[in-house]
Amino acid sequence: MRMRHTLAAVAAAGTIAVSAAGPAQATEYTSALKLKGVQYDAPGSDSNRCSGGNTKDEYLTIKNYSRTATVDLKGYVVKDATGNKFTFTASHKLEPGDYVKLRGGKGTNSDAGNVAYRQNCNFIWNNDKDTIYLLKPTGAKADVHSYTKRTNDTDGNGYINYHG
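What you see is a predicted model; the values in this text were computed from it and never measured.

> Can you lay out the state of the cysteines for me, pointing to particular residues and giving the numbers?
For the structure shown, the criterion picks out 1 disulfide. Between the sulfur atoms of Cys-50 and its disulfide mate Cys-121 the distance is 2.0 Å. Here the disulfide of Cys-50 and Cys-121 is right-handed, its torsion about the S-S bond being about 120°. One end of the pair, Cys-50, is in the loop between strand E1 (33-39) and strand E2 (59-64); the other, Cys-121, is in the loop between strand E8 (115-117) and strand E9 (129-135), and 71 residues separate them in sequence. By relative accessible area, Cys-50 is classed as exposed at 54%.

> Outline the sheet that holds strand E5 (residues 85-87), supporting the account with residue identities and numerical values.
The strand order E5-E4-E9-E10 describes an open sheet built from 4 strands, whose pairing is antiparallel. Only two strands of the sheet have a single neighbouring strand rather than two, namely E5 and strand E10 (141-148). If you compare each strand with its neighbour and ignore which way they point, the axes differ by 10° on average. Where strand E4 (residues 77-79) and E9 come together, 3 bridges link them in antiparallel fashion.

> Residues and numbers for the layout of surface pockets, please.
One simple way to see leftover space: roll a probe sized like a water molecule over the atoms. The calculated volume of the largest pocket comes to roughly 160 Å³. What lines the largest pocket is a set of 13 residues, among which Phe-88, Ala-90, His-92, Asn-109 and Ala-116 lie closest to the centre. Breaking the lining of the largest pocket down by element, the ones donating at least two residues are E5 and E8. Grouping the constituent residues of the lining of the largest pocket by class yields 5 nonpolar, 7 polar and 1 charged.

> Give a detailed account of unusual backbone geometry, specifying residues and quantitative values.
A positive phi angle, near 55°, is found at Asn-114, a position not held by glycine. Within the secondary structure, Asn-114 is located in the loop between strand E7 (99-103) and E8. You can call Asn-114 buried: its relative accessible area is 14%. Of note in the backbone geometry, Gln-119 takes a positive phi value of approximately 55° without being a glycine.

The rules behind the values
- Residues numbered from 1 in each chain as written.
- Predicted model: local features only at pLDDT ≥ 70, side-chain atom pairs only at ≥ 80, totals over all residues.
- Heavy atoms only, no water.
- Disulfide = S-S within 2.5 Å.
- Helix = DSSP H or I, 4+ residues; strand = E, 2+ residues; numbered from the N terminus.
- Buried < 20%, exposed > 50% of the residue type's maximum accessible area, 1.4 Å probe, protein only.
- Pairing = 2+ DSSP bridges.
- Axes fitted to C-alpha atoms, helices over the stretch in contact; angles between N-to-C directions.
- 1 Å grid on protein atoms, 1.4 Å probe; cavity = no way out; pocket = protein on both sides within 12 Å on 5 of 7 lines; lining within 4 Å.
- Points joined across faces, edges and corners; volume = space filled by probe spheres on them.
- Nonpolar A, V, L, I, M, F, W, Y, C, P; charged D, E, K, R; others polar.

Okay, here's the thing in structure tokens:
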């Protein structure tokens, strides 16, 4: 009898230890819009020249994961850990399952082409680590993800997938 209690206590302690050692989970927010992924390190040597630079190759993909609701991005804010930010000032509607790639650089926004440009040739995401915030027009968090190149980009291609 005493042996069973000891084994049960050891088993319970082992369960607690395993639970505590498990990976930390990202906070899930109640938003249809989520960060699908980020190309935080544009391929090639970084050049923020508006003509011939590669800031357009750095992008954030935002997806509407709702099955029924269309979401207008107008008023949504994307920002990094240091406060660099972009606000969607024009209407850009995402149907259920639709996405938009928010690119650096200058270009023409297109609902049909699923692209919006920051109209700024500076890079927003750090190549080593950063935190990406997607904020609702109210200021509430829609989605947040942090990354480090070493931990999250195992294949070293400069792209991290968050919500598939």
